[in-house]
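Here is what each chain is made of, one letter per residue.
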Amino acid sequence: MGTPPFLISLLLLFSLSPPLSVSGNPELTALMELKASLDPQNARLSSWTVSGDPCGGSFEGVSCNDKGQVVTLSLQGKRLSGELSPAIGGLKHLTGLYLHYNSLHGEIPGEISALTELTDLYLNVNSLSGDIPPELGNLASLQVLQLCYNQFTGSIPTQLGSLKKLTVLAMQSNQFTGAIPASLGDLGLLTRLDLSFNRLFGSIPTRLADAPLLEVLDVQNNTLSGNVSPALKRLAEGFQYKNNPGLCGVGYSALRDCSTLSDVIPNMPEPYGAGSPGLATRDIPETANVKLNCSQTRCSNSSKTPEASVVVVTVIVVTIALSAMGILTFSQYRRRKQKLGSSCNISDNRVSTDQSVEGYRKNGSPLISLEYSNGWDPLADGRNLGGFSQEALQSFRFNLEEVESATQYFARKNLLGRSNFSAIYKGVLRDGSIVAIKSITKSSCKSEEAEFLKGLNILTSLGHENLVRLRGFCSSRGRGECFLIYDFIPNGNLLCYLDLKEGDNRVLEWNTRVSIIKGIAKGIEYLHGCTTSKPAVVHQNISAEKVLIDMRFKPLLSDSGTHKLQTNDTVFSALKACAAMGYLAPEYTDTGRFTEKSDIYAFGVLILQILSGKRKITSSVRVAAESCRLPDFIDKNLNGRFSEFEAAKIAKVSLMCTHESPEKRPSMEAIIQDLADFTCCS
């Protein structure tokens, strides 16, 4: 019997209809269109399927609220190479859009203005271009706008002055022209504004000085001119204005008085005058205090003398040079980013602040959606705390306001050191205690939330008199960094006491050297779990730089366990310095693994450094130690004032620790025993 005609028609209708899961779910439709544009090769977002549920946990980077509405897209560092589709406007309940650290191109679609609940828009570090759509001014809930490190052109829309909840605006390292909109001064909650490394002209609007909460204004490397308002001095080091040769003002150390500047740089022509094709004066954003030789929209050419022409040419050359510097800086940044994957090092003057994000987070991308009232935070209330108790949590968690206050908003004078992945600042907490605050870029942290929490729990469990004490932890979504707050150790690291010239008052006495060696050994013994029931921790990066010296010359190991928080790329990068200084155990090249015996090898190298007073341990030092020729390798700055018995015994320990075969190296427990019972070398 044949199939009835009406059934055939019905089957045909279903075959031609779109899947019910798409047609019945506008957000799924929008997500699938977004996938097609963001990931045209379907290489990164394969988990997004037509038959899937965006809120069911299968869509990578998608978070929903308890009503089943998509509230965040966390797709940072996914190597997306497509464009941002206008379909983004279909996600009406989106509060966070995180697309930074990708290779997206094209323009920002105007349809993004439909996201009236959006609080966080991160498009930084891509290859986006074109003008900024003025429709962004309709995002009334927006708090953080990150557009830096792209290829945007055109003027900064005056409509951004309508974003009354905006706290951070980061637009540095683009190709913006035009003037700084004075309307930005109307943003009552704005704390950080970074417009550096662009091609902006005109003056700095005086209204910006009236922004009540503004803490950082960075306009470096533009072509700004005119008088700088004295009111901006309240920002202190938060006001960065270098490499704008046309700026002048009173009370700024790097600016000359405006009366003297006019002798060098005469009235500058309007960059976009009436004769500029395709540009009308009304298209240029409003600015304040622009002193140009103009009458309404037309500029006078009567003052063009040969001298003025030379100066104008000079200004043009300087402008081109500064622009080239900005492009070169950006290119170097991009190359470094590509080399390190999603790792990125942003200087301490780059943007940041944190605001709360409404909405229940479910299935969010790791780390970026780890949030609490002042930013992303793995220790937020109600989360899986990875072994933390609520009591320990409250005493351990810091917020960004405390970190910023302690470091005077990351003032350069408080910067103690910097690497490709981190920076260390000196800070003072509200109780007056001095701390060292280490910032780590979020892209350098482990991407798996469970692994990150596990590592953080290990760090907080460490406590020994020869380890630097970890006081707390803070994470900032706005800055893209997490912070580890340690006790500040005042006498620097062990490197400061090596390679000293004769007569230097930092030369360590013999007893002090012995005490330092024993203290380091006790710290490593604790990490290896020899005397406790806690799990063993391999330090992996023991070196003279990691040994800090306190006021009583007690050694304290720093960075113990921090590798548990960091990506492999970050850890491997730190190994290069270790290998160059000879701390890396020889078996690592074969196994690629760190063990307790690799820590012991590094400790043996440290002993030889302390005994010899030298940073670099040469073969002659090792041969002299092996032959017990003490005068040939003990630091000459001691002038013979040392115990030969102790020196011989310690030298023997160092040679055992640096044995080529890890099996022949002693345990830390045995080393402690040897150091406690000195005998002459045999």
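Above this text sits the structure in question.
Just so it is clear, the model here is predicted, and its values are computed rather than measured. (Residues numbered from 1 in each chain as written. Predicted model: local features only at pLDDT ≥ 70, side-chain atom pairs only at ≥ 80, totals over all residues. Heavy atoms only, no water.)

Chemist: A description of the state of the cysteines should follow, citing residues and the corresponding values.
Modeler: What the rule picks out here adds up to 1 disulfide. Between the sulfur of cysteine 55 and that of cysteine 64 lies a disulfide, 1.9 Å long from S to S. Taking the torsion about the sulfur-sulfur bond, which here is approximately -85°, the covalent link between cysteine 55 and cysteine 64 counts as left-handed. What makes cysteine 55 buried here is its relative accessible area of 13%. By relative accessible area, which is 0% here, cysteine 64 ends up buried. (Disulfide = S-S within 2.5 Å. Buried < 20%, exposed > 50% of the residue type's maximum accessible area, 1.4 Å probe, protein only.)

Chemist: Which residues make up the nonpolar core, and what values do they have?
Modeler: Membership of the largest hydrophobic core comes to 68 residues, with the highest contact counts inside it found for Leu34, Leu73, Ile88, Ile204, Leu217 and Phe239. Contributions of two or more residues to this core are made by α3 (26–38), β1 (62–64) and β2 (70–74). The element that contributes the greatest number of residues to this core is α3, accounting for 6 residues. Leu462, Val514, Ala585 and Leu611 belong to the second-largest nonpolar core, a separate cluster that totals 54 residues. (Core = buried A, V, L, I, M, F, W, Y, C linked by side-chain atoms within 4.5 Å. Helix = DSSP H or I, 4+ residues; strand = E, 2+ residues; numbered from the N terminus.)

Chemist: Mind laying out the side chain of lysine 438, listing which residues take part and the relevant values?
Modeler: Among the structural elements, lysine 438 can be located in strand β20 (residues 434–441). Within polar-contact distance, the side chain of lysine 438 engages the side chain of aspartate 559 at 2.9 Å. Setting aside residues up to four positions removed in sequence, lysine 438 forms contacts with Ser422, Ala423, Ile424, Cys482, Phe483, Leu484 and Asp559. (Polar contact = N/O pair within 3.5 Å; in protein donor to acceptor, adjacent residues only side chain to side chain. Contact = heavy atoms within 4.5 Å.)

Chemist: If you had to explain the packing of aromatic side chains to someone new, which residues and values would you point to?
Modeler: Inspection of the entire model under this criterion finds 11 aromatic pairs. Their ring planes at 45° and their centres at 4.8 Å tell us that phenylalanine 239 and tyrosine 241 sit as a pair that is tilted. Comparing phenylalanine 239 with tyrosine 241, the two get one shared label, buried. Arranged with centres 5.8 Å apart and planes meeting at 75°, the rings of phenylalanine 239 and tyrosine 252 form a pair that is edge-to-face. Of this pair, phenylalanine 239 sits in strand β14 (residues 239–240) while tyrosine 252 sits in the loop between β15 (246–248) and α4 (258–264); the two residues are 13 residues apart in sequence, bridging distant segments of the chain. Classification of phenylalanine 239 by relative accessible area gives buried; the value is 4%. (Phe/Tyr/Trp six-rings, centres within 6.5 Å; stacked < 30°, edge-to-face > 60°.)

Chemist: With reference to specific residues and values, describe the sheet that holds strand β8 (residues 151–152).
Modeler: Read from one edge of the open sheet, 3 strands run β4-β6-β8, paired in parallel fashion. Looking along the sheet, the strands with just one partner apiece sit at the ends: β4 (105–106) and β8. As paired elements, β4 and strand β6 (residues 127–130) share 2 bridges and run parallel to each other. Considered in β6, the bridge of glycine 106 is made with leucine 128. (Pairing = 2+ DSSP bridges.)

Chemist: Give a description of the packing of helix α12 (residues 596–612) against helix α15 (residues 644–657) that names residues and reports values.
Modeler: Contact pair α12 / α15: the axes reach a minimum separation of 7 Å and the direction vectors enclose 145°. Like other packed secondary-structure pairs, α12 and α15 cross with a definite hand, here left-handed. Here Ile600, Tyr601, Phe603, Gly604, Ile607, Leu608 and Leu611 of α12 lie close against α15, whose contacting residues are Ala647, Ile650, Ala651, Val653, Ser654 and Cys657. Of the residues contributing to the contact of α12 with α15, the split by class is 11 nonpolar, 2 polar and no charged. (Axes fitted to C-alpha atoms, helices over the stretch in contact; angles between N-to-C directions. Left-handed = near helix turned anticlockwise from the far one by under 90°. Nonpolar A, V, L, I, M, F, W, Y, C, P; charged D, E, K, R; others polar.)

Chemist: How would you sum up the pairing of β20? Please name residues and give values.
Modeler: Counting buried residues along β20, 7 of its 8 residues qualify, which places the element largely inside the surrounding structure. In the sheet, strand β19 (residues 422–428) pairs with β20 via 7 bridges, with the strands oriented antiparallel. Counterpart to lysine 426 in the pairing with β20 is alanine 436. The turn linking β19 back onto β20 is made up of 5 residues, and glycine 432 within it adopts a positive phi angle of 90°. Bridge count for β20 against strand β22 (residues 481–487) is 7 bridges, and the pairing is antiparallel. Of the residues in β22, the one forming a bridge with isoleucine 440 is cysteine 482.

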